[in-house]
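# Descriptive structure summary
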Amino acid sequence: MSRILIDDLPFDLTVPVAIVGGGAAGLCAALAAKEAGVAPIVFERDALPQGSTALSAGLIPAPCTAAQRAAGIADSVAAFAADIQTKAHGDADPTVLAAVTEGAAPAIDWLTERHGLAFTVIADFSYPGHSARRMHGLASRSGAELIDRLRAAAEAAEIDIVTEARVTALVAAPDGRVRGLVVTRPDGSEDRIGCDALVLACNGYGGNKDLVAEHIPALKDALYFGHPGNQGDAVLWGQALGAELRHMSGHQGHGSVAHPHGILVSWAVIMEGGFQVNVAGERFWNEASGYSEAALAVLGQPGGIAYDIFDARIAGIARQFEDFRRAEAGGAVLQAESSDELAARLSIPPQVIRATLESVADLKRRGGRDGFGRDWTGAADLEAPFCAVKVTGALFHTQGGLAVDATARVRRPDGSLLPNLFAAGGAAVGVSGPDASGYLSGNGLLTAVVLGRIAGGEAARLARA
Ligand SMILES: Cc1cc2nc3c(=O)[nH]c(=O)nc-3n(C[C@H](O)[C@H](O)[C@H](O)COP(=O)(O)OP(=O)(O)OC[C@H]3O[C@@H](n4cnc5c(N)ncnc54)[C@H](O)[C@@H]3O)c2cc1C
């Protein structure tokens, strides 16, 4: 389906900026292009633009926003960039890293002030690897609300979003300039749309089993928790046009998906002093290293299953997330008045659960690191009633993609730029490097929102020139 046509046939319509995909990246690109003075069109394959953005928790990290200042949290762009680069083991492209970290607060403030998205900072717990509390979310802490508000903003800005419009081919000139695209409708009819600049905002390849097996073989049989329409079109088109693909094995996994309910259980349950055990009731890793690498850690346990263990106080914090409330309503969160009742509900010998709870309590009392490397300093003790959720690991989204420069222009392997092609969000390489462990919380929406905004503005400038 991801064809490149080299032809000079006419177009049904020509627009200055065409955008493929109506997730966070595409809608932020559209808002920015419109503000830069052109009328973009977004082409979205679904009947309603949602994407992985709607499935996400909708949390976007940014340092020094108005919301963060109002919450009295000290932070800096340098600290944010250092946190991302540390987690990425130094593999994040410094130019793109600088662009997204410097652009993060202006993008959040822009969405708040100009488009009415009232972000607040999650101030009651820290995400792994972030040296400051800087995750921003809307009231429900859900991506569904984020995409609804972005769509409303696009509609208020009178941006055309063409739905049920799957882009099935790009039309290019021999030098790699994109002349337009082919949109295929559900009834099989096709429209040819010309454009001066094109933004690929159609995410990565998480929904494409063959590409996952090729680039992330360890997760080829894992549950894919992202949007199924993300079939890798951007990387396939880019590759055919001579673009550089980078860090294709990079991805975000998650090791806390309620099973069999299939609902994300916030990592807050771990970071606030909870832990994971396998079906034998034993801890098996340093849970505080991050939820992305947790996918493989959990899938490596018997049956690919683990239990998140926490308490009622922590459940109170996690309840700010709509997903957690859904998990509770769906019966995924067990409560037990004692460690013996917890053991019975998990079918684990009571002496094993008791020993694990006691060893964690002891680690918290003593502080410092355990044998897995987890630092328990300052962690509050768990108190009955205890809570538990049976979880598994999943692939959330891919982080590898098209190499871009600081203006979101797609690059070739020799560093030269494709004439008029931009990429943002999951279509572009992220700032997480080639490993799951390189993913810092929020890297996904960071490059969707910030790079999307940059791509839209730059595509508009190119189209006007
Ligand atoms: C459960 C879950 C929780 C997450 N939580 C967070 C979080 O809290 N914070 C964070 O930073 N990240 C999170 N992520 C990752 C985040 O969702 C993604 O990084 C982000 O949504 C990517 O945005 P996007 O606009 O690039 O892609 P998407 O939102 O997936 O949008 C891409 C759009 O392109 C459309 N499309 C694809 N191909 C075509 C085509 N050929 N023609 C037309 N349209 C096409 C798709 O239908 C889709 O609507 C989470 C992911 C999951 C799965």
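Predicted model only: the values in this text are computed from it and were never measured. (Residues numbered from 1 in each chain as written. Predicted model: local features only at pLDDT ≥ 70, side-chain atom pairs only at ≥ 80, totals over all residues. Heavy atoms only, no water.)

Let's shift gears to the overall build of the chain. If you tally the helices and strands in the chain, you get 15 helices and 21 strands. Its C-alpha atoms give the chain a radius of gyration of 22 Å, near enough to 23 Å, the size a compact globule of 465 residues would have. With respect to the principal axes defined by its C-alpha atoms, the chain has extents near 75 × 45 × 40 Å. Looking at the chain as a whole, 60% of its 465 residues qualify as buried. Considering only contacts within the chain whose residues lie at least 6 apart along the sequence, 74% involve residues at least 24 apart. Accessible surface for the chain amounts to roughly 16500 Å². Of this, 52% is attributable to carbon and sulfur atoms. Looking at charge distribution, the chain has the averaged site of its 38 positive side-chain charges lying 1 Å from that of its 52 negative ones. (Helix = DSSP H or I, 4+ residues; strand = E, 2+ residues; numbered from the N terminus. Rg over C-alpha atoms; globule rule 2.2 N^0.38 Å. Buried < 20%, exposed > 50% of the residue type's maximum accessible area, 1.4 Å probe, protein only. Contact = heavy atoms within 4.5 Å. Areas by Shrake-Rupley, 256 points an atom, 1.4 Å probe, with all protein chains shown as cover. Lys, Arg positive; Asp, Glu negative; His and termini not counted. Charge placed at Lys NZ, Arg CZ, Asp CG, Glu CD.)

Once rolled over the atoms, a probe with the size of a water molecule shows which space is left empty. The calculated volume of the largest pocket comes to roughly 380 Å³. Around the largest pocket sit 21 residues that line it, and Pro128, Met271, Ala288, Arg374 and Asp375 are the ones nearest its centre. Within the lining of the largest pocket, the residues separate by chemical class into 7 nonpolar, 9 polar and 5 charged. Considering only enclosed or pocket space, the second largest pocket measures out at about 240 Å³ in volume. If you go around the second largest pocket, you meet 14 residues; those closest to its centre are Ala54, Leu55, Ser56, Asp323 and Arg326. Among the secondary structure elements, those contributing two or more residues to the lining of the second largest pocket are α2 (51–55), α6 (143–156), β14 (263–264) and α12 (322–329). Looking at which element gives the most residues to the lining of the second largest pocket, the answer is α12, with 3 residues. When the residues that make up the lining of the second largest pocket are grouped by side-chain class, the tally is 6 nonpolar, 5 polar and 3 charged. (1 Å grid on protein atoms, 1.4 Å probe; cavity = no way out; pocket = protein on both sides within 12 Å on 5 of 7 lines; lining within 4 Å. Points joined across faces, edges and corners; volume = space filled by probe spheres on them. Nonpolar A, V, L, I, M, F, W, Y, C, P; charged D, E, K, R; others polar.)

What follows is about the nonpolar core. Phe43, Leu111, Leu150, Leu181, Leu198 and Leu200 are the most contacted members of the largest nonpolar core, which totals 88 residues. Looking at this core element by element, the count peaks at 11 residues for helix α15 (residues 443–464). Setting aside chain neighbours within four positions, we find Leu200 in contact with Val20, Ala234, Trp237, Leu402, Leu421, Phe422, Ala423, Ala424 and Ala427. (Core = buried A, V, L, I, M, F, W, Y, C linked by side-chain atoms within 4.5 Å.)

On to the site of the ligand, then. In the neighbourhood of the ligand, 41 residues make up the surrounding shell, with Glu44, Ser52, Thr53, Asp233 and Leu445 lying closest. In the model, an oxygen atom of the ligand is placed 3.2 Å from a nitrogen or oxygen of the Ala24 main chain. Within the backbone of Leu445, a nitrogen or oxygen atom sits 2.7 Å from an oxygen atom of the ligand. Top contributing element to the shell around the ligand by residue count: α2, with 4 residues. The residue inventory of the shell around the ligand, partitioned by class, reads 17 nonpolar, 19 polar and 5 charged. (Near = heavy atom within 4 Å. Polar contact = N/O pair within 3.5 Å; in protein donor to acceptor, adjacent residues only side chain to side chain.)

The next thing to look at is the sheet that holds strand β5 (residues 120–121). Here 3 strands make up an open sheet; going across it, the order is β4-β6-β5 and the pairing antiparallel. The open sheet has two edge strands with one neighbour each: β4 (60–61) and β5. Where β5 meets strand β6 (residues 135–137), 2 bridges bridge the pair, whose relative direction is antiparallel. Note on β6: the bridge partner recorded for Val121 is His136. (Pairing = 2+ DSSP bridges.)

Turning to the side chain of Thr398, a few remarks are in order. Tracing the chain through its elements places Thr398 in strand β18 (residues 386–398). In this structure the side chain of Thr398 is engaged in a polar contact, spanning 3.1 Å, whose partner is the backbone nitrogen of Tyr205. Not counting residues up to four positions away in its chain, the partners in contact with Thr398 are Gly204, Tyr205, Gly206, Ile216, Gly250 and His251.

Here helix α13 (residues 339–346) crosses helix α14 (residues 350–366) at 125 degrees, and the two axes come no closer than 8 Å. Regarding the angle of α13 to α14, the classification is oblique. α14 is crossed by α13, and the crossing has right-handed handedness. Taken together, the residues of α14 that come into contact with α13 (itself represented by Ser339, Asp340, Leu342, Ala343 and Leu346) are Pro350, Ile353, Arg354 and Leu357. The residue inventory of the contact of α13 with α14, partitioned by class, reads 6 nonpolar, 1 polar and 2 charged. (Axes fitted to C-alpha atoms, helices over the stretch in contact; angles between N-to-C directions. Parallel < 35°, antiparallel > 145°, perpendicular 65-115°, else oblique. Left-handed = near helix turned anticlockwise from the far one by under 90°.)

All quantities given are derived from atomic positions and should not be read as evidence of function.
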